[in-house]
Structures are given as structure tokens and as C-alpha cells.
Amino acid sequence: MKQTMLKLSAVAAAAMLLASPLAAKKIRWKLAETWPSTLTPLASPPAKLAAWMKEMSNGEFIIKVEGKEKHKAPLGILDMVKGGQYQMGHSGSYYWKGKDINTVWFCTVPFGMTPSEQYAWFYYGNGKKYMKEVYDKFGVYNYPGGNTGNQMGGWFRKEIKTVDDLKGLKMRIPGLAGEVMAKLGVNVTNIPAGELYTALDRGTIDALEWVGPGMDIKMGFYKVAKYYYTGWHEPASEMQFLVNKKAFDKLPKKYQTMLEVGMKAAAMDMYIENFAASVDAWQKMKKEHPEIQVKTFPLPVLKALKKAADEVYDEYAAKNPKFKEIRDDYFSYMKKAREWSMMSQYYYLQMSKELGITK
């Protein structure tokens with residue numbers, strides 16, 4: 001009887017152990033990011049997501065984050081996640097326009113939506129549906145991964161007064177914006193981040209766009225180019241989390257939910273972090289470098305850029321039905337969202353200026 005009771009106790013203990021979190025299969029994932037692991041705020045979302053997943057899972061779900069200094073393939077993230085070398089990636093969707101031009105819509109496009117408008121389209125419009133359709137063929141899921149907000153139009157060594165001033169200009173500007181600039185005679189190039197300052201300083205390029213004060217201050221561009229133009233080309237640059245579809249689908253439902261919520265929180269946190277960084281960086285820059293001149297491109301230049309952007313969109317739409325479908329949906333949503341943006345944000349800011357609350 002005693003031996004039977006001992007056996008039953010042992011069985012019960014084993015059953016309890018198997019049912020406990022301690023007996024759950026530990027998950028070990030790797031995430032590759034396009035950026036160096038120290039380049040905040042771009043590198044912030046993966047690091048924060050990894051920390052949150054570890055804490056929320058009691059150490060059962062560990063994500064090892066590797067920056068480009070480790071894997072040496074900053075523009076190979078999609079392929080590495082697709083192939084299963086990494087279960088996750090963090091990058092920018094418009095880097096894959098050579099694989100599928102439709103990926104640009106999930107980062108940002110010239111004269112497109114603001115971050116609030118774009119997030120609304122992602123989550124409550126058709127953005128999420130289109131993201132799945134475009135990325136399904138790669139065998140990965142795509143999630144918003146953090147926004148830089150409206151990026152500045154770039155640092156220029158000379159003032160841009162007319163469209164003719166753009167002709168022959170050598171400029172680093174990627175994505176569709178580069179194609180738009182090229183239509184106006186700009187010699188577009190894409191130089192690695194680590195070489196940008198030297199290229200601008202030595203005159204290899206005449207201008208470049210990076211992000212905004214929060215990140216630009218680290219690069220020192222203001223030391224060699226005093227004209228700082230406001231943006232038109234990347235009004236809501238959204239980074240992305242890529243997740244290997246097979247790996248995600250194998251996860252227990254609770255971890256799938258945990259991961260999706262964590263990615264969403266990390267994305268919003270980056271947007272806030274970058275905004276705060278730019279607030280502080282701009283105060284420092286204008287105080288220590290009063291020679292910086294903030295400019296907006298003259299209206300004739302902006303009209304020429306808009307016309308060129310429409311031409312680029314039309315050219316892609318003519319040969320790619322999916323591009324046309326997403327473009328029409330994107331700008332249709334922007335049109336109705338912009339009415340609320342004007343009512344809720346623009347007029348308030350305008351009123352604040354008129355009352356002297358802000359300059």
C-alpha cells in the first residue's frame with residue numbers, strides 16, 4: 001500500500017512538473033537588424049522587444065538580437081528571415097523594392113501620409129491586408145516596426161532656389177524619392193551610412209538626406225552643409241519587423257499574441273523616442289550652430305517634385321496592377337484622413353502661432 005502511494009505521488013509530481021511553466025519548451029530565436037546595434041532609435045525596437053519577451057515569458061522566450069556588425073548583411077535581412085537563418089528581422093520595407101515595388105507602401109512614399117494617418121491605414125484600413133498579400137510570397141509576416149516621423153528633406157551645401165539648381169546635383173537619397181529626384185536631373189547615389197559625412201565633406205556629393213535632428217546630430221552633417229531643408233519625400237518612415245511564417249505559426253497562441261503586442265508597443269515607443277530625441281537635438285543644434293539655415297523648398301520646386309512623383313507612380317501602376325490597387329487605396333484613405341488631420345492638428349498649430357504660444 002505504501003509503495004503504491006509512493007508511486008502515485010511520483011506520477012502526480014511528474015504530471016505537475018510537465019504542466020508547469022518550468023517544463024515548457026524554451027524558445028530561442030534570433031533577430032537580424034539592418035542597423036548597427038548601437039544606432040538608436042532605429043535599433044531600439046528589437047532590443048526592447050527582446051527584453052519584454054524575456055520578462056513576460058519568465059525567461060522561456062529569448063530573442064538574440066544581432067546588428068549589422070555581427071551578420072555583415074544589412075540589406076540581406078528579408079532573405080535571411082525567409083530562409084530561416086533568422087526567425088525575425090528589423091529593417092525598412094522600401095529596401096525590398098527591387099524584389100517587389102509594392103513593399104514601398106509599408107514604409108513611406110513621397111507626398112504620402114503622416115504617421116497617424118498611416119498607422120490608421122495599417123491597422124484600421126486596408127494596410128494590414130495588403131502587407132500580408134505582398135509578403136506572403138516571401139514566407140514571412142510583416143509588422144510595423146517603429147516610425148521616424150516626417151523626415152527632413154536633407155542637408156545641402158548650396159541653397160535651392162529654382163528647379164534648375166537641382167540639375168547635376170549629386171545627392172544621396174534612396175527609394176522612390178531618389179527616382180523622383182532623378183527625373184529633375186539630380187545624380188542620385190546611395191552611399192553607406194559610415195561614408196556619408198566624408199562624401200559630403202569632400203564634395204563627392206552635394207547633398208544628402210538622413211532622418212531628422214535626433215539622428216542627424218550624431219552624423220555631423222551641419223559642419224559642412226548649412227542649408228537644412230524640410231521634408232516632402234518621407235513623411236512617415238515606418239520600419240518593419242519581419243517574422244518567419246513557419247516559425248511564428250509553430251508558436252503557442254499565447255506567445256504569438258505576446259509577440260504581436262510587443263512589436264506594436266516597440267514600434268510606438270520608437271516613434272516617441274525619436275520625436276523626443278529630435279526635440280532635444282534641434283535645441284542643441286540651433287544654439288551651438290546658428291549658421292544652420294532651415295529652408296523649405298520654393299513652391300515651384302515642390303510642384304515639380306509632386307509632378308515627378310505622380311509620373312513615377314503612374315509608370316509603376318501601368319505595369320503592375322497590384323501597385324495601382326494599393327496606390328489608389330492608400331491615397332483614397334489619405335484624402336479622407338487628411339481632413340481630420342487638418343482640423344485636429346494643423347489648425348491648432350496655426351492658432352498657437354497666431355496667439356504667440358509658439359513662434
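If you're wondering where the values come from, they're calculated on a predicted model, not measured in any experiment. (Residues numbered from 1 in each chain as written. Predicted model: local features only at pLDDT ≥ 70, side-chain atom pairs only at ≥ 80, totals over all residues. Heavy atoms only, no water.)

### Looking at the side chain of Glu-209
Now for step 1: If you trace the backbone, Glu-209 turns up in the loop between strand 8 (207-208) and helix 9 (213-219).
Now for step 2: Classification of Glu-209 as buried rests on a relative accessible area of 1%.
Now for step 3: At a separation of 2.6 Å, a polar atom in the side chain of Glu-209 contacts the side chain of Arg-172.
Now for step 4: When sequence neighbours within four positions are dropped, the list of residues in contact with Glu-209 reads Gln-151, Met-152, Gly-153, Gly-154, Met-171, Arg-172, Ile-173, Pro-174, His-233 and Glu-234. (Helix = DSSP H or I, 4+ residues; strand = E, 2+ residues; numbered from the N terminus. Buried < 20%, exposed > 50% of the residue type's maximum accessible area, 1.4 Å probe, protein only. Polar contact = N/O pair within 3.5 Å; in protein donor to acceptor, adjacent residues only side chain to side chain. Contact = heavy atoms within 4.5 Å.)

### So, the sheet that holds strand 5 (residues 154-156)
Now for step 1: Read from one edge of the open sheet, six strands run 7-6-8-5-9-11, paired in mixed fashion. Edge positions in the sheet fall to strand 7 (187-189) and strand 11 (293-295), since each has one partner strand and no second.
Now for step 2: Pairing of strand 6 (residues 170-172) with strand 7 involves three bridges; the strand directions are parallel. Bridging across to strand 7, Met-171 finds its partner in Val-188. (Pairing = 2+ DSSP bridges.)

### Looking at the sheet that holds strand 1 (residues 27-33)
Now for step 1: As summarised here, the arrangement of the five strands in space is 2-1-3-10-4, forming an open sheet in which the pairing is mixed. Bordering the open sheet on either side are strand 2 (61-66) and strand 4 (140-147), each of which pairs with just one other strand. Each neighbouring strand pair of the sheet contributes to a mean axis angle of 25°, computed without reference to strand direction.
Now for step 2: Running over the sheet, helix 2 (residues 44-56) touches strand 1, strand 2, strand 3 (88-92), strand 4 and strand 10 (238-244) and is turned about 160° from strand 2.
Now for step 3: Its contacts with the sheet put helix 5 (residues 115-124) on strand 4 and strand 10, and the angle it makes with strand 4 is roughly 160°. (Axes fitted to C-alpha atoms, helices over the stretch in contact; angles between N-to-C directions.)

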